[in-house]
Amino acid sequence: MDSKFNAATSVIDWTKSDAYHNSFLIPRDEVMEFALKNSIDQGLPDIAVSPAQGKLLNLLAQSVGAKHILEVGTLGGYSSIWMGRALPKDGKLITLEINETHAKVAGENFAKAGLGDKCEIILGSAYESMIGLRPKIPFDLVFIDADKRSYPKYFVEAKRLVKKGGVIIVDNVVRYGQVNDMSVNDPDTVGIRELLAYIKQDKEVEATTIATVGERAFDGFLYAIRK
């Protein structure tokens, strides 16, 4: 890139960039707007994936021909809807959520999206729910976006539950670049470091981290394939 151009270095700049690209690539969607507004109006934190990230999840699900998807962390179901829309008629998405209010709101959003029959919410501890899952057909795609301190154990179970050649996506693994700053030692950041250390020695997966900037600031996701 030519250094004479001014670099976009703030969330304001990145949000403007997202909005510009989205204006061409992501049409206005009343269902998605409802899901976001309904979630905020009922007190859910404003931490859902961005529209661009949701569209990426949708495209990735389509790319791998996902028919069975597992999501760890539902919130208001915004990302669930993006992925659920990528499913074929006989596809299924299971999403795990510990908070009853979040699950209730997600159910409302699924109904509005016409996905009540495709998106199933399991209420309870995500880890315990994962342990209890014994699907006859393994998942094609697992999306993990929950408490970061539990990422290592979520990943281990995700690897058990996903098919060979299946995809595991882990969100929020860059955290403003703090993961590589050893002076930052909060439980969530440590959880991500432990996940990276686990994957380094795991011969059953291939993975990479992609850093991102946008309306959700400076973060990134990990993309892994089970061998």
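Residues numbered from 1 in each chain as written. Predicted model: local features only at pLDDT ≥ 70, side-chain atom pairs only at ≥ 80, totals over all residues. Heavy atoms only, no water.

Q: I keep staring at the overall build of the protein chain and nothing clicks. Help me out?
A: Counting secondary structure elements, the protein chain contains 8 helices and 7 strands. In terms of C-alpha radius of gyration, the protein chain reaches 17 Å, essentially the compact-globule figure of 17 Å for 227 residues. The principal-axis extents of the C-alpha atoms in the protein chain amount to approximately 55 × 45 × 35 Å. For the protein chain, the residues scored as buried account for 47% of the 227 residues in total. Looking at the protein chain alone, contacts between residues at least 24 apart form 70% of all its contacts between residues at least 6 apart. A total accessible area of about 11,900 Å² is found for the protein chain, and carbon and sulfur atoms account for 56% of it. Within the protein chain, the 30 negative side-chain charges are centred at a point lying 6 Å from the centre of the 28 positive side-chain charges. (Helix = DSSP H or I, 4+ residues; strand = E, 2+ residues; numbered from the N terminus. Rg over C-alpha atoms; globule rule 2.2 N^0.38 Å. Buried < 20%, exposed > 50% of the residue type's maximum accessible area, 1.4 Å probe, protein only. Contact = heavy atoms within 4.5 Å. Areas by Shrake-Rupley, 256 points an atom, 1.4 Å probe, with all protein chains shown as cover. Lys, Arg positive; Asp, Glu negative; His and termini not counted. Charge placed at Lys NZ, Arg CZ, Asp CG, Glu CD.)

Q: So what exactly am I meant to see when it comes to helix 8 (residues 187-201) here?
A: Note on helix geometry: an α-helix contains 3.6 residues per turn, so any two residues three or four positions apart are oriented the same way. With 15 residues, helix 8 extends 22 Å from end C-alpha to end C-alpha; this agrees with the ideal 21 Å at 1.5 Å per step. Where helix 8 is concerned, the buried positions are Thr-189, Gly-191, Ile-192, Arg-193, Leu-195 and Ile-199. On its buried side, helix 8 packs onto helix 7 (151-161), strand 5 (162-171), strand 6 (205-214) and strand 7 (217-226). (Expected span 1.5 Å × (residues − 1).)

Q: Explain the pairing of strand 6 to me, please; I cannot follow it from the model alone.
A: Consecutive residues of a regular strand have side chains that alternate between opposite faces of the sheet. Sheet topology note: the strand 6/strand 7 ladder contains 10 bridges and is antiparallel. Looking at the pairing, Thr-212 lines up with Asp-219 of strand 7. Joining the antiparallel neighbours strand 6 and strand 7 is a turn of 2 residues. (Pairing = 2+ DSSP bridges.)

Q: Would you explain the nonpolar core in this entry?
A: A general feature of soluble globular proteins is that nonpolar side chains tend to end up buried together. Among the nonpolar cores identified, the biggest contains 31 residues, and Ile-69, Tyr-78, Ile-81, Met-83, Leu-141 and Ile-169 are the most heavily contacted of them. Every element with two or more residues in this core is listed here: helix 2 (30-41), helix 3 (51-63), helix 4 (78-84), helix 5 (100-113), strand 4 (139-144) and strand 5. Leu-141 has contacts with Ala-61, Ala-66, His-68, Ile-69, Leu-70, Met-83, Val-162, Val-167 and Ile-169, leaving out every residue within four places of it along the chain. Ranked by size, the runner-up nonpolar core spans 28 residues in total, among them Ala-126, Met-130, Val-179 and Ile-199. (Core = buried A, V, L, I, M, F, W, Y, C linked by side-chain atoms within 4.5 Å.)

Q: In this structure, what is going on with the sheet that holds strand 5? I would like to understand it.
A: By way of backbone hydrogen bonds, the strands of a sheet pair with one another, either parallel or antiparallel. An order of 3-2-1-4-5-7-6 is seen for the 7 strands of this open sheet, with the pairing classed as mixed. If you trace the sheet from one side to the other, it starts and ends with strand 3 (119-123) and strand 6, each paired once. Adjacent strand axes in the sheet meet at a mean angle of 15° when their direction is disregarded. Against the sheet, helix 1 (residues 11-25) contacts strand 6 and strand 7, and its axis sits at roughly 100° relative to strand 6. Contacts between helix 5 and the sheet are confined to strand 2 (92-97) and strand 3, with strand 3 contributing the most and set at about 170° to the helix. (Axes fitted to C-alpha atoms, helices over the stretch in contact; angles between N-to-C directions.)

Q: How should I be thinking about helix 7 in this particular structure?
A: Most of helix 7 is tucked away, with 8 of its 11 residues classed as buried. Listed in full, the buried residues belonging to helix 7 are Tyr-151, Pro-152, Tyr-154, Phe-155, Glu-157, Ala-158, Lys-159 and Leu-161.

Q: I tried to follow the environment of Tyr-151 on my own but got confused; where do I start?
A: Turning to its location among the elements, Tyr-151 is positioned in helix 7. On the basis of relative accessible area, Tyr-151 is assigned to the buried category, the value being 1%. Sequence separation between Tyr-151 and Gly-77 is 74 residues, and the spatial gap between their C-alpha atoms is 20 Å.

Q: Teacher, can you tell me more about the environment of Trp-82 here?
A: Along the chain, Trp-82 falls in helix 4. On the basis of relative accessible area, Trp-82 is assigned to the buried category, the value being 7%. For the pair Trp-82 and Ala-61, spaced 21 residues apart in sequence, the C-alpha separation works out to 9.3 Å. What Trp-82 contacts, discounting residues up to four positions off in sequence, is Ile-26, Met-32, Pro-51, Gly-54, Lys-55 and Asn-58.

Distances and angles like these do not, on their own, reveal function.
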